[in-house]
Amino acid sequence: MKIPVRYIINKIFLFIVVLFGAITLNFVLPRLIPGNPAETIYQDVVKASGGAVNPVYLKQLEAEYGLSHAPLYVQYLTYLSDLFHGNLGVSITYYPVPVSTILAQALPWTLFLVITSISISFFIGNRMGRYGGINRNTWKDLTVDIFSMFMASFPAFVMAFIILDIFAVNGKLFPLGGAYSSSINAGFTIPFIISVIYHAFLPVLTIVLTSLGGWTLGMRNNIIPNLNSDFINYSENLGMKSYQIKSIAYRNAILPNLTGFSMSIGLSMSGVIIEESIFSYPGVGMYMITAIDNLDYPLMQGIFLMVIIAVLVGNFIVDLLYGFLDPRIRQESG
Amino acid sequence: MSQILRTESISKEFMVRKGLVTGNTIKALNDVNIYLEEREILALVGASGSGKSTLARILVFLYRPTSGKIFFQDQDVTKYKGRKLKKYRSDVQMVFQDPYASLDPYHTVDWHIRRPLILSHYKGNVEERIDELLEMVRLNPPSYYREKFPHQISGGQRQRVYLARALALEPKVLIADEPVSMLDVSLRIEVLDLLSSIREKLGVSIIYITHDLNTVSVISDRIYVLHDGKVVESGRTQDVIANPSDSYTRALIEAAPDPYKRL
Amino acid sequence: MGSINHVSGLEKIVGIIRKTKSTLGILFQNGKSATGFIILVSISIFAIAGLFFAPYNPDAYMFRRSLPPNSVNILGTTGYGQDVFSQLFAGAAPTLFIGFSVGILGTLISVFVGVLSGFASKRVNDLINSIVNIFLVVPGVLLIMLFGTYFLGLKENLGYVPTILILIITGWAFGARTFRSVTLSVSKRDYILSSVLIGESKVSIIFRQIIKAIMPVIVSNFFFTAMYGVMGLTFVEYLGVGNLSQVNWGTMLYWAINDEAYLTGQWWWILPPSLMISALMFSFILLNFGLDEIANPSLRIYNKKNRKAKNVTDTQN
């Protein structure tokens, strides 16, 4: 198999540009907040605790932000070099735990949810879209369409509450929260894996239901022009069997649907972040809500950065996969 | 007679794919020298992929040539930009192949002819001029056609509307890129006849681009045969068709369906 | 513009009415967009009526807490003693207002960016493309949180402006990508090249031709972005980065969830805003999807009668 070098180089370039943009945005935003963010937080903390805060904390906060009153470019360079060394600062809420430690615990759970739910929703959604497209303009198609659109009409967290209410609060079929049962030791043992799946079931179900519609409708709209195309008609006239034709049309339609992946990783990540707090799932989303409530900027920035890097890497992998799957790109290397 | 338009070893390369690393190139035109005389109908003949449409688009600067020069009335126009290019384009107009694509589906016939008149700051009465142009391309009565949208008229009528649009700028050269290939055979003669009468009445020089040798002999004075981006044969139309010297031209002539030849 | 001078004002108005009629006609060509349109109009009427006829002050804590639906409070009361129906009724207009504002402004920005990059030089195009990609790839919720806390940090009462701004910032990129590719494909068509050749300026081509050609996509995108606006509003409020003293369906959900209405069985509090938001989103999705079917001929499926009619007109030509 030929390797589409030029395509890969282009994608690497885009990856670096977007990553750099996100890192810079992360640097700029807290500095846009009027006044000194450290002081703002400090005042809030003082107010909240009734004045029982050591003033050293303000100095500490300033240090955390690199608020050395140095010129902006120096701050930026310090920020970049800290990043490069994996130094994301210290969380204010969980003081003195470094942000990187929290992320190391939380990020794997989030990634697990995102990857599982995207895979399932991609598979089911495409299958449903295929079903609708093949039976286009019949009541079957209409049912699939309406169901997908209806599911997509629920804000993710509303769906999460509905599901939590039905299956966990009232049904008591699934746990109310957590990633695995506390009575089981973590490790690659069968009870542990079962417990993880059991705990992830409701969050994954929620994300799958709310993101299914995009894949279904996308696939339906891709497969219909394919089924109407001349070469499919030609194959039909050659006497190809109906299931063969459907699978050809399906394969042709799934490729453009893959481009939707870049958006869907971001969207699913959004969904997961929201839902983790509802299902008390110990991923980055839960920490993000805590960070916002406590104006914990270092933690917020760290999560922001890690999530973006995860999404970018995910996109990059999908792009590479796409480069190998699409014959037009594969052939282009010379 | 003097030469109104002339190319000097025009070449055009296309990059197959542009990225950070440059891709392969395809030579669409290779060292092409042609000239067009005043009041002449010149035919450019070639199969698809011969580079004839590329040449047409270079002559109106929809593409820039990779190398070579273009002279219009003995002025080097190759590097023209901005206002000078605008002036040149009003002198050298192009008629597109597909009359179903060359008219804006959201605008009326009237709009299509009015815009060039407004843009060229037409001095006289615009309304009268629109009627005049429509009559010139034999769309009678003009008032019937003016408010029609492109989808309400036939292919042959569309191509004539397009001619009226191009002629509104009073060009000196008209480049017609396969203007009749999308039309029914019965309509082709009408449009070709219209082209020759435009030459007679307005003194416009015409470059007629086609793959169809039958229509070439009907209207053109002189012919260039293009093959793989090169001119392989040129001369007076009757001479070339009667006595082709290049093997490719011979193949083209043999391939052309002769309506009078019995199978 | 001399040509338009002779058209009298009255004729202009008649023309506008005729155009609106034909636009509505397009919406009704497709069952999905027609249904979506009817739902949207119903919700809009509900919202306008809610501005004037809310039975009680939606903010006032004037009832007993957590009452189930009864003859006085037809949808019961909140856990804080407000009338749920009044909140739902009065909160409809702000919710729709945000959806429409985000839809209109977001679409304007994405048309501007998309059409511009479709016409720009390769370098500018690449730059715009990577900016659009950043906004597409970064999870919207994170941006909502970041910008939201920024606006909260301002500590000024700006009404709905911050919320709308946040949603536009996070919502314009989807459309920009669409318009970029649509513009690229339209600008290669012969009739645009023809306008270049007769000497039309880029601005004139964009406003006189491109915008008209991509109008169905613009309308479809408007509904998509408006849907994002409503969805985004609920996220902004849920995350607590909006202004929680306002009454809209997003804040209703926030307070219901905050008071754990779903755990305490107060379905009359959490269900009405949920259902109304879903109905509104559903109508936007239907409109967006139906318009896509209308705009994209390859998805259009003729029934036999239509196909026959089409053949007849073909032969007439």
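So, how was this worked out
- Residues numbered from 1 in each chain as written.
- Chains lettered and ligands numbered in written order.
- Predicted model: local features only at pLDDT ≥ 70, side-chain atom pairs only at ≥ 80, totals over all residues.
- Heavy atoms only, no water.
- Helix = DSSP H or I, 4+ residues; strand = E, 2+ residues; numbered from the N terminus.
- Buried < 20%, exposed > 50% of the residue type's maximum accessible area, 1.4 Å probe, protein only.
- Contact = heavy atoms within 4.5 Å.
- Areas by Shrake-Rupley, 256 points an atom, 1.4 Å probe, with all protein chains shown as cover.
- Pairing = 2+ DSSP bridges.
- Axes fitted to C-alpha atoms, helices over the stretch in contact; angles between N-to-C directions.
- Buried area = accessible area lost by both parts, 1.4 Å probe.
- Salt bridge = Lys/Arg side-chain N within 4 Å of Asp/Glu carboxyl O.
- Polar contact = N/O pair within 3.5 Å; in protein donor to acceptor, adjacent residues only side chain to side chain.
- Nonpolar A, V, L, I, M, F, W, Y, C, P; charged D, E, K, R; others polar.
- Phe/Tyr/Trp six-rings, centres within 6.5 Å; stacked < 30°, edge-to-face > 60°.
- Lys NZ or Arg CZ within 6 Å of the ring centre and 35° of its normal.
- Parallel < 35°, antiparallel > 145°, perpendicular 65-115°, else oblique.
- Left-handed = near helix turned anticlockwise from the far one by under 90°.
- Core = buried A, V, L, I, M, F, W, Y, C linked by side-chain atoms within 4.5 Å.
- Right-handed = clockwise from strand over helix to strand, strands pointing away.
- Patch = residues over 30% accessible without salt bridge, like charges linked within 9 Å, V, L, I, M, F, W, Y side chains within 5 Å.
- pLDDT = per-residue confidence, 0-100.

## Describing the overall build of chain A
Alright, step 1. Counting secondary structure elements, chain A contains 14 helices and zero strands.
Alright, step 2. Helices (α) and strands (β) of chain A occur, in sequence order from the N terminus, as α-α-α-α-α-α-α-α-α-α-α-α-α-α.
Alright, step 3. Relative to its 334 residues, chain A shows a buried fraction of 48%.
Alright, step 4. Expressed as a percentage of contacts within chain A between residues at least 6 apart in sequence, the contacts between residues at least 24 apart total 74%.

## Focus on the overall build of chain C
Alright, step 1. Looking only at helices and strands, chain C features 13 helices and zero strands.
Alright, step 2. In chain C, the succession of α and β elements from N to C terminus is α-α-α-α-α-α-α-α-α-α-α-α-α.
Alright, step 3. In chain C, buried positions account for 53% of the 317 residues.
Alright, step 4. Taking contacts inside chain C between residues at least 6 apart in sequence as the whole, the part at least 24 apart equals 69%.
Alright, step 5. Carbon and sulfur atoms provide 66% of the accessible area of chain C, an area that totals close to 14500 Å².

## Describing the sheet that holds strand S8 (residues 173-177) of chain B
Neighbouring strands of a sheet are bound in pairs by backbone hydrogen bonds; such pairs are parallel or else antiparallel.
Residues and elements named next belong to chain B.
Alright, step 1. Pairing is mixed across the open sheet formed by six strands, whose spatial order is S7-S8-S9-S4-S10-S11. Of all strands in the sheet, those bounded by a partner on one side alone are strand S7 (92-95) and strand S11 (230-236). Each neighbouring strand pair of the sheet contributes to a mean axis angle of 20°, computed without reference to strand direction.
Alright, step 2. Judged from the five bridges that link them, strand S4 (residues 41-45) and strand S9 (residues 205-210) form a sheet pairing that is parallel. If you follow Val45 over to S9, its bridge partner there is Thr210.
Alright, step 3. Strand contacts of helix H2 (residues 82-91): S7 and S8, with the helix running at about 60° to S7, the strand carrying the most contacts.
Alright, step 4. Against the sheet, helix H10 (residues 247-255) engages S4, strand S10 (222-227) and S11, with an angle of about 105° to S10.

## So, the interface of chain C and chain A
Alright, step 1. On the side of chain A, 56 residues touch chain C, which itself brings 44 residues to the contact.
Alright, step 2. Between chain C and chain A, a total of about 4500 Å² is buried, with carbon and sulfur atoms accounting for 80% of that surface.
Alright, step 3. The tally of links between chain C and chain A comes to one salt bridge.
Alright, step 4. Ionic pairing is found between Asp145(A) and Lys32(C), a salt bridge with its closest N-O pair at 3.0 Å.
Alright, step 5. Counting across the chain C and chain A interface gives four residue pairs in polar contact (both at pLDDT 80 or more).
Alright, step 6. Elements represented by at least two residues in the side of chain C that touches chain A include exactly helix H5 (122-137), helix H6 (140-154), helix H7 (161-187), helix H10 (215-238), helix H11 (249-258) and helix H12 (267-295) of chain C.
Alright, step 7. In terms of residue count, H6(C) provides more of the side of chain C that touches chain A than any other element does, 11 residues in total.
Alright, step 8. Taken together, the residues of the side of chain C that touches chain A break down into 31 nonpolar, nine polar and four charged.

## What to know about the packing of aromatic side chains
Alright, step 1. For the structure on display, the rule yields 36 aromatic pairs over all chains.
Alright, step 2. On the basis of an interplanar angle of 25° and a centroid distance of 6.3 Å, the ring pair of Tyr76(A) and Tyr79(A) is categorised as stacked. Taken as a pair, Tyr76(A) and Tyr79(A) lie in helix H4 (residues 72-84) at a separation of three residues, close to a single helical turn. In this pair, the class of Tyr76(A) matches that of Tyr79(A), namely buried.
Alright, step 3. In this structure, Arg130(A) packs its charged tip against the face of Tyr250(A), placed 5.2 Å from the ring centre.
Alright, step 4. Looking at Arg6(B), its charged tip hangs above the ring of Phe71(B), at a distance of 4.3 Å from the centre.

## Digging into the pattern of salt bridges
Residues and elements named next belong to chain B.
Alright, step 1. This structure, assessed with the given rule, holds 23 salt bridges over all chains.
Alright, step 2. Among the ionic pairs, Arg222 bridges to Glu40, the shortest N-O distance being 2.5 Å. Taken together, the residues span a long stretch of sequence, with Arg222 in strand S10 and Glu40 in the loop between strand S3 (35-37) and S4 at a distance of 182 residues.
Alright, step 3. The class for Arg222 is buried, based on a relative accessible area of 9%.
Alright, step 4. Owing to a relative accessible area of 5%, Glu40 belongs among the buried residues under this scheme.

## As for the environment of Ala54(C)
All names here are of chain C.
Alright, step 1. Here Ala54 is to be found in the loop between helix H3 (31-53) and helix H4 (84-119).
Alright, step 2. Under the relative-accessibility criterion, Ala54 is labelled partly exposed at 24%.
Alright, step 3. Considering only alpha carbons, one finds Ala54 and Ser86, 32 residues apart in sequence, at a separation of 5.1 Å.
Alright, step 4. If near-sequence neighbours (up to four positions away) are discounted, Ala54 is found in contact with Ser86, Phe89 and Ala90.

## Remarks on the side chain of Glu178(B)
All names here are of chain B.
Alright, step 1. Within the secondary structure layout, Glu178 lies in the loop between S8 and helix H7 (185-202).
Alright, step 2. Side-chain polar atoms of Glu178 contact the side chain of Lys52, separated by 3.3 Å.
Alright, step 3. In this view, Glu178 contacts Lys52, Gln97, Ile209, Thr210 and His211; residues no more than four positions away in its chain are not counted.

## Focus on unusual backbone geometry
Alright, step 1. In the segment running from Asn140(B) into Pro141(B), the intervening peptide bond is cis, with an omega of -10°.
Alright, step 2. Here Pro141(B) shows up in the loop between helix H4 (126-136) and helix H5 (142-146).

## Section: the packing of helix H5 (residues 99-134) of chain A against helix H10 (residues 242-258) of chain A
Residues and elements named next belong to chain A.
Alright, step 1. Two numbers describe how H5 lies on H10: the axes approach to 11 Å, and their chain directions differ by 130°. It follows from the interaxial angle that H5 and H10 lie oblique. For the element pair H5 and H10, the recorded crossing hand is right-handed. Of H10, the residues touching H5 (which contributes Phe122, Asn126, Arg127, Arg130 and Ile134) are Lys246, Ser247, Tyr250, Ile254, Asn257 and Leu258.
Alright, step 2. Taken together, the residues of the contact of H5 with H10 break down into five nonpolar, three polar and three charged.

## Comments concerning the nonpolar core
Alright, step 1. The biggest cluster of nonpolar side chains holds 142 residues, and the ones touching the most others in it are Phe157(A), Ile144(C), Met145(C), Leu239(C) and Trp249(C).
Alright, step 2. No other element matches H12(C), which puts 15 residues into this core.
Alright, step 3. If you look at the next biggest cluster of nonpolar residues, it comprises 76 residues, including Ile4(B), Ile10(B), Leu59(B) and Ile175(B).

## Let's talk about the pairing of S8(B)
Residues and elements named next belong to chain B.
Alright, step 1. For S8, the tally of buried residues reaches five of five residues, placing the bulk of the element in the interior.
Alright, step 2. Of the two faces of S8, the one carrying Val173, Ile175 and Asp177 and the one carrying Leu174 and Ala176 are both buried.
Alright, step 3. Relative to S9, S8 runs parallel, the two being bridged by five bridges. Each bridged residue has a counterpart across the sheet, and for Ala176 the counterpart in S9 is Tyr208.
Alright, step 4. Since S8 and S9 lie parallel, the crossover through H7 that links them has a hand, and here it is right-handed.

## Brief notes about a nonpolar patch on the surface
Residues and elements named next belong to chain C.
Alright, step 1. Together, Ile48, Leu51, Phe52 and Phe53 make up an exposed nonpolar region whose accessible area comes to about 510 Å².
Alright, step 2. Structurally, Phe53 can be placed in helix H3.
Alright, step 3. Note on Phe53: relative accessible area 60%, which makes it exposed.

## Things to note about the environment of Ser117(C)
Alright, step 1. By secondary structure assignment, the location of Ser117(C) is in helix H4.
Alright, step 2. Residues within four places of Ser117(C) in sequence aside, it is in contact with Asn125(C), Ile128(C) and Arg180(C).

## What to know about the confidence of the model for chain C
Residues and elements named next belong to chain C.
Alright, step 1. Taken as a whole, chain C shows an average pLDDT of 82; of its residues, 88% reach a score of 70 or greater.
Alright, step 2. Segment residues 1-5: pLDDT under 50, and three contacts once partners within four positions in sequence are set aside and those in other chains are kept.
Alright, step 3. Contacts from residues 302-317, a stretch scored under 50 in pLDDT, to residues over four places away or in other chains number four contacts.

## Here's the deal with the pairing of S11(B)
When a strand is regular, its side chains alternate between the sheet's two faces.
Alright, step 1. Relative to S11(B), S10(B) is paired through six bridges, and the arrangement is antiparallel. The partner of Arg222(B) across the bridge, within S11(B), is Arg236(B).

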